[in-house]
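So the chains spell out like this:
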Amino acid sequence: MDTNVDPVPSDWHEALPFTELERDGARVVKLAGRQIALFHRGGAVYACNNHCPHEGYPLKEGTLSGDCVLTCNWHNWKFDLRTGANLNYGDNVRIYPVEVRDGGVWVDLADPPAEQQRAAALAAFEDAFDEDEFYRYDRLAREIARFEKAGGDPLDAVAAAIGWTHARLPDGMTHAHAAAPDWLRLRDRVARTPGEKLMPVLEVAGHLNWDTLKEPRHPYAEAIGDWDADAYVAAVDGEDEDAAVAILRGGLHAGLGWDDVEPAFARAALAHYQDFGHSAIYVLKTRQLLDYVGADALEPLTLALTRALVQAWREDLIPEFRAYHDIVGEWQAGDGDAVDAAAWTNLNADKLMRAVAGSGARPEVIYDALVGLAARHLLGLDLKWQDATNNGVRHNTTWLTITHELTFANACRTICERYPELWPQALLQIACFVGRNVAYILDEPPLDEWRVTENDIPAFFERESRALLDHGQFEYIVTAHLVKTLTAIEDEVTHAPDAAWRDVAVAGLNRFLHSPLKRRHSLRTANQAIEFVTNED
């Protein structure tokens, strides 16, 4: 006998006389604050939690078949009472050891050890990622709650989800990762009740699940090379994922951390005006997410980020932005303290890049002017473009297009404060963003209609942050933009509380958060499809 094994705990309670259960076939008893459903069938006795794990319907009112399958008649969930296994959907039902002693029915209410409960909840959480869509979101919430109830840290569940989903991302890192630290920041800063604290974790898990749903594994290269920052950037630029991953693995196996590899990621992200700013945003958010979930997530996050960088669109290769590389190569560092930002208001991308490069101002001054323009755009988006149904594809502009000006700018500032040598690329790429969107902005943005008074700005951020905890939106891509935009603008206002653009930026956020967001452009899509097909050779 192994004397080092802890004895199985027990907590036996007498429930009722066996004759009563034998007579009725099913009974509910309350023991130690729990509702236990008892069943007698074929000479055997079974005990389970009386609440269906789906929506709490009393299982005593269910139907028990001859082969010990208990059906909850509310939504037809079926459970094997011998094991508690759910036979068609997700959550298992809690069963209890039961014995008949001296004419009485006894039930063992002892809980498994906490470590065992946490392991079971985490395994069930992973299983929920492949659950039927109708039940999946609710089940994710329940499994996280079970994990936490057993003493687990919900952030460990997030880290685990990052680990088991990263190889199911065909295009690498997504908005799920980019929004994750912002949701977790809301959890820290404004969530008060247990439900409010669970919601941001659920949002992160749900978005990761959505982006990987029904995706097979897309393995990363297993080769291990030698870490070389220049070689890594070159591999990303050459769209050679296997080479980039091998170089990255070499660094990670050598014990390098995010601080060691981040400069190469930042360089790769800003080597092109690419992916409409997502690449730089992903670099920033990787750092922030690691601060929450810990270094164990470093490898899956950096692998997913590498794939995203390799596959990023290179918008600086299209005619609208093609001058970018020539202009960044001609950049001259300046030390001026002012620019004529008003003269930049209606410049297109090419002209704005040239104005920025030739301004002679310090990067921080140029940045301030560009953020002012981006704030004006957020406040002044002409919603006729969002509602248009007969426009060309290149004019498919919505709120989500405009918000990226400021979320990208926020990422650029944060990155360039650590790596100032990247300011020229960052500023010219912000200019690409701003210049591209000038055609979609009202001549007179409605500041008075959406203004938030100076004294109310802190309360505004608090209020809108709390509102996001019950956002009511179905699409994760929408909620990601809501939380990312709010977070970026709050960060920029905190960084520069006296900036001339502060009131415009906050008013723009106010308008964005409380304006219609048209997502399904059914007539526009139909019209554009007809035009495209008509012009096909």
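Conventions and cut-offs
- Residues numbered from 1 in each chain as written.
- Predicted model: local features only at pLDDT ≥ 70, side-chain atom pairs only at ≥ 80, totals over all residues.
- Heavy atoms only, no water.
- Helix = DSSP H or I, 4+ residues; strand = E, 2+ residues; numbered from the N terminus.
- Buried < 20%, exposed > 50% of the residue type's maximum accessible area, 1.4 Å probe, protein only.
- Areas by Shrake-Rupley, 256 points an atom, 1.4 Å probe, with all protein chains shown as cover.
- Lys, Arg positive; Asp, Glu negative; His and termini not counted.
- Charge placed at Lys NZ, Arg CZ, Asp CG, Glu CD.
- Patch = residues over 30% accessible without salt bridge, like charges linked within 9 Å, V, L, I, M, F, W, Y side chains within 5 Å.
- Salt bridge = Lys/Arg side-chain N within 4 Å of Asp/Glu carboxyl O.
- Axes fitted to C-alpha atoms, helices over the stretch in contact; angles between N-to-C directions.
- Left-handed = near helix turned anticlockwise from the far one by under 90°.
- Contact = heavy atoms within 4.5 Å.
- Nonpolar A, V, L, I, M, F, W, Y, C, P; charged D, E, K, R; others polar.
- Phe/Tyr/Trp six-rings, centres within 6.5 Å; stacked < 30°, edge-to-face > 60°.
- Lys NZ or Arg CZ within 6 Å of the ring centre and 35° of its normal.
- Pairing = 2+ DSSP bridges.
- pLDDT = per-residue confidence, 0-100.
- Parallel < 35°, antiparallel > 145°, perpendicular 65-115°, else oblique.

A few words now on the overall build of the protein chain. Counting its regular elements, the protein chain contains 22 helices and 9 strands. Along the first, second and third principal axes, the C-alpha set of the protein chain runs to 95 × 60 × 55 Å. Counting every position in the protein chain, which comprises 537 residues, the buried fraction comes to 53%. On the protein chain, roughly 24,200 Å² of surface is accessible, and the fraction owed to carbon and sulfur atoms is 50%. Each charge class in the protein chain was averaged separately, 50 positive and 85 negative side chains, and the resulting centres sit 5 Å apart.

Here the focus is unusual backbone geometry. For N76, which is not a glycine, the phi torsion comes out positive at approximately 65°. Here N76 is to be found in the loop between β6 (69-72) and β7 (77-80). Residues other than glycine seldom take positive phi values, yet D102 does so here, at roughly 50°. Relative to the helices and strands, D102 resides in the loop between β8 (98-101) and β9 (104-108).

Turning to a negative patch on the surface, a few remarks are in order. On the surface, a cluster of negative charge is contributed by E148, D153, D156 and D296. In this structure, D156 sits in helix α4 (residues 154-165). What makes D156 partly exposed here is its relative accessible area of 43%.

In contact at an axis separation of 8 Å, helix α13 (residues 349-357) and helix α17 (residues 423-437) are set at 145° when each is read in the N-to-C sense. Two packed elements cross with a definite hand, and for α13 against α17 that hand is right-handed. Where α13 abuts α17, its residues A349, L352, M353, V356 and A357 lie against L427, L428, A431, C432, V434, G435 and R436. Looking at side-chain class alone, the contact of α13 with α17 contains 10 nonpolar, 1 polar and 1 charged residues.

This part covers the packing of aromatic side chains. With the rule as written, the count across this model stands at 20 aromatic pairs. With a centroid separation of 6.0 Å and an interplanar angle of 85°, the aromatic rings of Y273 and F276 are classed as edge-to-face. Overall, the relative accessible area of 0% leaves Y273 in the buried class. Between F276 and F433 the ring centres are 6.2 Å apart and the planes differ by 55°, which places this aromatic pair in the tilted class. Here F433 lies in helix α17 and F276 lies in the loop between α9 (258-269) and α10 (278-293), a separation of 157 residues in the sequence. Classification of F433 by relative accessible area gives buried; the value is 4%. Taken together, Y273, F276, F321, F408 and F433 form an aromatic cluster joined through their ring pairs. When the ring centre of W106 is taken as origin, the NZ or CZ atom of R101, which lies over that ring, is 5.1 Å away. Over the aromatic face of Y220 sits the side chain of R307, whose NZ or CZ is 3.9 Å from the ring centroid.

In spatial order, the strands read β5-β6-β7; together these 3 strands make up an open sheet with antiparallel pairing. At either end of the open sheet lies a strand with only one pairing partner, and these are β5 (63-64) and β7. Where β6 lies against β7, 4 bridges are found, and the strand directions are antiparallel. By the bridge assignment, V69 is partnered in β7 with D80.

Attention now goes to the sheet that holds β8. Strand order in this open sheet of 3 strands is β1-β9-β8, and the pairing throughout is antiparallel. The open sheet has two free edges, formed respectively by β1 (12-17) and β8, since each of these has just one partner strand. With strand direction ignored, the average angle separating the axes of adjacent strands in the sheet is 30°. In the sheet, β8 pairs with β9 via 4 bridges, with the strands oriented antiparallel. Bridge assignment links R101 to a residue of β9, and that residue is G104.

Once the charged atoms of two side chains with opposite charge are near each other, the side chains can pair. One pass over the full model with this rule turns up 40 salt bridges. D491 serves as the salt-bridge partner of R185, at 2.8 Å between the closest nitrogen and oxygen. Of the two residues, R185 sits in helix α5 (residues 175-189) while D491 sits in helix α20 (residues 476-495), which places them 306 residues apart along the sequence. Judged by relative accessible area, which is 18%, R185 ranks as buried.

Where the model shows low pLDDT, its predicted coordinates should not be examined in detail. Of the residues in the protein chain, 98% have a pLDDT of 70 or more, and the chain-wide mean is 95. Counting interchain partners and residues more than four positions distant, the pLDDT-below-50 stretch residues 1-6 has 0 contacts.

Below, the discussion takes up the environment of K285. Checked against the element boundaries, K285 lands in helix α10. Residue K285 is classed as buried on the basis of its relative accessible area, which comes to 6%. In contact with K285, not counting residues within four places along its chain, are H177, A178, P181, D182 and T487.

So, about the packing of α5 against helix α6 (residues 194-212). In contact at an axis separation of 8 Å, α5 and α6 are set at 175° when each is read in the N-to-C sense. With respect to each other, α5 and α6 are oriented roughly antiparallel. Note on element contacts: α6 touches α5 through K197, M199, P200, V201, E203, V204, H207, L208 and D211, opposite H175, A176, H177, A180, W183, L184 and R187. Here the contact of α5 with α6 is built from residues that sort into 9 nonpolar, 3 polar and 4 charged.

For the rest of this paragraph, the subject is the side chain of H40. Along the polypeptide, H40 turns up in strand β3 (residues 34-41). Owing to a relative accessible area of 16%, H40 belongs among the buried residues under this scheme. Among residues more than four places away in sequence, those in contact with H40 are F18, L21, E22, G25 and V45.

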